[in-house]
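For reference, the chains in residue letters:
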Amino acid sequence: MTLPRSLRTLLLALVTILTIAWALVYSLTWHPAARADARVTCQADAPLPLPGQALKVMTWNVQYMAGKRYVFWYDLEDGSGRDLRPTAADLAHNLDEVARVLRDEQPDVVLLQELHDGARASDYQDQLQLLRERLSDLYPCSTSAFYWQASFVPHPKIMGSVGMKLGTLSRFRIARAERLQLPQANSNWLVRQFQPRHALLVSHLPLRSGRELTVINTQLVDPRASGDDASRQLAMTTSLLDQLENNGSLWLLGGDFNLLPPGQYQRLPESQRSRFHPQSELSPLLARYPSIPSLEETADPAWHTQFPNDPRVTGADRTLDYIIHSSRLARLDAQVRRSDTLSISDHLPLTARLLLPAD
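All of these numbers come straight from a predicted model, not from anything done at the bench. (Residues numbered from 1 in each chain as written. Predicted model: local features only at pLDDT ≥ 70, side-chain atom pairs only at ≥ 80, totals over all residues. Heavy atoms only, no water.)

Comments concerning the overall build of the chain
Along the backbone of the chain there are 7 helices and 14 strands. Here the C-alpha radius of gyration of the chain, 22 Å, is about what a compact globule of 359 residues would show, namely 21 Å. Expressed along its principal axes, the backbone C-alpha trace of the chain runs to roughly 80 × 45 × 40 Å. Expressed as a percentage of the 359 residues in the chain, the buried residues total 55%. Accessible surface, the chain: about 15,600 Å² in total, of which carbon and sulfur atoms supply 56%. Taken together, the 37 basic and 38 acidic charged side chains of the chain have centroids lying 5 Å from each other. (Helix = DSSP H or I, 4+ residues; strand = E, 2+ residues; numbered from the N terminus. Rg over C-alpha atoms; globule rule 2.2 N^0.38 Å. Buried < 20%, exposed > 50% of the residue type's maximum accessible area, 1.4 Å probe, protein only. Areas by Shrake-Rupley, 256 points an atom, 1.4 Å probe, with all protein chains shown as cover. Lys, Arg positive; Asp, Glu negative; His and termini not counted. Charge placed at Lys NZ, Arg CZ, Asp CG, Glu CD.)

So, in structure tokens, the structure goes:
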């Protein structure tokens, strides 16, 4: 049976339209490899850590230098936040504030999340480069990896380019770095093309002893995305840590996990619970490896690291940021810097001093 010519013409037109639409979406969005080298910028004379040296590490979600004077559209569950973007003046002020805190703390390794690069909402700034220019005397080495990138996102509250990445600054030499793609959020094909693609940024720091320290930086998916997305990403991350630990490697992982520790869900007001699950997905990992804060410490408000941009919340009330490390590294001290950082980001910087083994 031969289809009528008019129907064949209509079908051909539909296939052509769909093909053009697919090609347009694909060209506007980003499709990273499962594993890829990350570009490292490093001075040739950058030092190597000594055996037995104390290493100071900071992790900080800097919220793309937006500051705390806003309730962004995505900060509320129903998307009704009044603000679309920070002002240029606030971006400049908070960039200087982040640089001030880093210069004051002078951590040896800095793990930063939510850095913008090429995003319309922050005037297309390369925020890691702007920080490097202010801190070049402290950090001769750096690397970064995107986890959200698109030339145009057709969301009515975005309607422009996005670019968000992880950034690692180091006082010590970074020999190489790589980006490992985490499992992507479950959604339909079209929506998935415009969503973040969370990743691990893995940096390899040689030590004078001949060993190597593996430093992992990440931000995991928001649990609101889907029921098991965070668990799948956490499973892949834990698998990497197990491999490193079983090989006798030295390693540390830091970042914004977007997950509560055990017991904290029940301590949140009901209005703040909807994005989390009653049973913490982090329980197995926090029980397996040393963590900062420890399981016991997470009951103490001094270790709360997020102050949401929600007018119903009046201060930092939850722990989402962690440093987890090899059993071969010894914790010396740690803290959440709170007094002068509450207005810089919706997250607070977490720092720790870890002792490298003597051999």
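Focus on the sheet that holds strand 12 (residues 321-325)
In space, the 7 strands of this open sheet follow the order 1-7-8-9-10-12-11, with mixed pairing throughout. What marks the edges here is a single partner per strand, and that holds for strand 1 (35-37) and strand 11 (291-292). Two strands pair when backbone bridges link them, and strand 7 (residues 176-181) and strand 8 (residues 199-206) are joined in this way by 6 bridges, in the antiparallel orientation. Bridge pairing in strand 8 places Q181 opposite A199. (Pairing = 2+ DSSP bridges.)

Quick look at helix 2 (residues 88-105)
Here helix 2 contains 18 residues, and its C-alpha end-to-end distance of 26 Å stays within 8% of the 26 Å for a straight helix at 1.5 Å per residue. Those residues of helix 2 lying buried are D90, L91, N94, L95, E97, V98, A99, V101, L102 and E105. As for helix 2, its buried residues are in contact with strand 3 (54-61), strand 4 (109-116), helix 3 (127-134), strand 6 (160-170), strand 13 (330-336) and strand 14 (350-355). Q106, located one to two residues past helix 2, shows a positive phi value of around 50°. (Expected span 1.5 Å × (residues − 1). Contact = heavy atoms within 4.5 Å.)

Notes on the pattern of salt bridges
Summed over all chains, the structure comprises 25 salt bridges. Linking R85 and D123 is a salt bridge whose minimum nitrogen-to-oxygen distance equals 2.7 Å. With a gap of 38 residues between them, R85 in the loop between strand 3 and helix 2 and D123 in the loop between strand 4 and helix 3 connect regions that are remote in the sequence. Look at the salt bridges and you will find they share partners, linking K56, E97, R100, D104, E105, R337 and D340 into a network. (Salt bridge = Lys/Arg side-chain N within 4 Å of Asp/Glu carboxyl O.)

Comments concerning the sheet that holds strand 5 (residues 141-153)
Here we have 7 strands laid out as an open sheet, ordered 2-5-6-4-3-14-13, and mixed in their pairing. Taken across any chain shown, the strands that pair with only one partner, and hence form the sheet edges, are strand 2 (40-42) and strand 13. Looking at each pair of strands side by side, their axes are set apart by 15° on average, direction ignored. Where strand 5 lies against strand 6, 10 bridges are found, and the strand directions are antiparallel. Looking at the pairing, A150 lines up with V162 of strand 6. (Axes fitted to C-alpha atoms, helices over the stretch in contact; angles between N-to-C directions.)

Structural notes on the state of the cysteines
This structure, assessed with the given rule, holds 1 disulfide. Disulfide pairing is shown between C42 and C141; the S-S distance is 1.8 Å. The disulfide joining C42 to C141 has a torsion of about 60° about its S-S bond and is therefore right-handed. Of this pair, C42 sits in strand 2 while C141 is found in strand 5, placing the two residues 99 residues apart along the sequence. Residue classification places C42 among the partly exposed residues on the basis of a relative accessible area of 30%. (Disulfide = S-S within 2.5 Å.)

Some thoughts on helix 3
Inspection of helix 3 places Q127, L128, L131 and R132 among the buried residues, and these make up the whole buried set. Along the axis of helix 3, the buried residues cluster in a sector spanning 140°; they form a single face. Packed against the buried residues of helix 3 are strand 2, helix 2, strand 4, strand 5 and strand 6. (Arc of directions from axis to C-beta.)

Re the environment of T305
Within the secondary structure, T305 is located in the loop between strand 11 and strand 12. In this structure, the C-alpha to C-alpha distance between T305 and R337, residues 32 residues apart in sequence, is 9.0 Å. With near-sequence residues (within four places) excluded, T305 lies in contact with R318, T319, L320, D321, V336, D346, H347 and L348. Within polar-contact distance, the side chain of T305 engages the side chain of D321 at 2.6 Å. (Polar contact = N/O pair within 3.5 Å; in protein donor to acceptor, adjacent residues only side chain to side chain.)

A short note on unusual backbone geometry
Residue P293 is reached from I292 by a cis peptide bond, and omega for that bond is 0°. Position of P293 among the secondary structure elements: in the loop between strand 11 and strand 12. Phi is positive for E114, which is not a glycine, with a value near 60°. Following the sequence through the fold, E114 ends up in strand 4. Positive phi values are uncommon outside glycine, yet D123 reaches one of about 60°. Overall, D123 belongs to the partly exposed group, its relative accessible area being 36%.

By themselves, these are just geometric observations and shouldn't be taken as functional.
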